[in-house]
Amino acid sequence: MIPVCLQLFCVFFYGSVMGSFIGVAYTRLPLLEQRNVTNVIRTLSYPPSACPVCKHHIRWYENIPVFSYVFLRGKCSDCKSVIPFDHVLVELGAGVLGVVVWYVAISL
Ligand SMILES: [Zn+2]
């Protein structure tokens, strides 16, 4: 049996990953119309995430939802520009929503 705290962590993390994806889709999907791009998957996955200020490519360990924001103290690792809090807010919200849905589901 998996401990409840580990289950909560996994559900929160999975939810925050979904929140991160929603953030990427929200940011990039309008570009489809501007560029008249037809390959949606390619647009969502390429180009890789980068700092909007210095164009520093974000490494995998700098792109872990919520945890990287805390680890980097809300700043780009290269130019130290502030990472907008709304990104982590969507990740946090989706993580909490995942935990709530999970809790309701196991309570039934
Ligand atoms: Zn930067």
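Residues numbered from 1 in each chain as written. Predicted model: local features only at pLDDT ≥ 70, side-chain atom pairs only at ≥ 80, totals over all residues.

## Digging into the overall build of the protein chain
Step number 1: From N to C terminus, the protein chain includes 4 helices and 0 strands.
Step number 2: Tracing the protein chain from N to C terminus, the helices and strands come up as α-α-α-α.
Step number 3: In terms of overall dimensions, the protein chain has C-alpha extents of about 45 × 35 × 20 Å along its principal axes.
Step number 4: The buried share of the protein chain, taken over its 108 residues, is 15%.
Step number 5: Residue pairs in contact within the protein chain that sit at least 24 positions apart in sequence constitute 59% of those at least 6 positions apart. (Helix = DSSP H or I, 4+ residues; strand = E, 2+ residues; numbered from the N terminus. Buried ≥ 20, exposed ≤ 12 C-beta atoms within 10 Å, placed from the backbone. Contact = placed C-beta atoms within 7 Å.)

## Some thoughts on unusual backbone geometry
Step number 1: Despite not being glycine, Lys55 shows a phi value in the positive range, around 65°.
Step number 2: The backbone phi angle of Lys80 is positive, close to 65°, even though this residue is not glycine.
Step number 3: Looking at the secondary structure, you find Lys80 in the loop between helix 3 (67-71) and helix 4 (85-107).

## A look at the environment of Leu8
Step number 1: Locating Leu8 in the fold gives a position in helix 1 (residues 4-35).
Step number 2: In the structure, Leu8 is positioned 94 residues away from Trp102 in sequence and 8.4 Å away in space, judged by C-alpha atoms.

## Overview of the confidence of the model for the protein chain
Any residue range with low pLDDT should be treated as having predicted coordinates unsuitable for detailed reading.
Step number 1: Here the protein chain averages 90 in pLDDT, while 94% of its residues score no lower than 70.
Step number 2: Averaged pLDDT values for the elements of the protein chain fall to 72 in helix 2 (residues 40-45) and rise to 95 in helix 3. (pLDDT = per-residue confidence, 0-100.)

## Let's talk about the environment of Ser77
Step number 1: Looking at where Ser77 falls in the secondary structure, it is placed in the loop between helix 3 and helix 4.
Step number 2: Assessed through the 17 C-beta atoms surrounding it within 10 Å, Ser77 is described here as partly exposed.
Step number 3: Along the sequence, Ser77 and Gln34 sit 43 residues apart, while their C-alpha atoms lie 30 Å from each other.
Step number 4: Non-local contacts of Ser77, meaning those with residues more than four positions away in its chain, are made with Glu62 and Leu72.

## Notes on helix 4
Step number 1: Its 23 residues give helix 4 an end-to-end C-alpha distance of 33 Å, which sits within 8% of 33 Å, the value for a rise of 1.5 Å per residue.
Step number 2: Among the residues of helix 4, those classed as buried are Val88, Val90, Glu91, Ala94, Gly95 and Gly98.
Step number 3: Its buried side turned inward, helix 4 meets helix 1 and helix 3. (Expected span 1.5 Å × (residues − 1).)

## As for helix 1
Step number 1: With 32 residues, helix 1 extends 46 Å between its outermost C-alpha atoms, agreeing within 8% with the 46 Å of an ideal straight helix rising 1.5 Å per residue.
Step number 2: Approximately 30° is the largest bend angle found in helix 1, and it occurs at Tyr26, with the proline Pro30 only one to four residues beyond. (Bend = angle between axes of the 7 residues up to and from the residue.)

## What about the environment of Phe85?
Step number 1: Within the secondary structure layout, Phe85 lies in helix 4.
Step number 2: Residues Phe85 and Tyr69 lie 16 residues apart in sequence; the distance between their C-alpha atoms is 8.8 Å.

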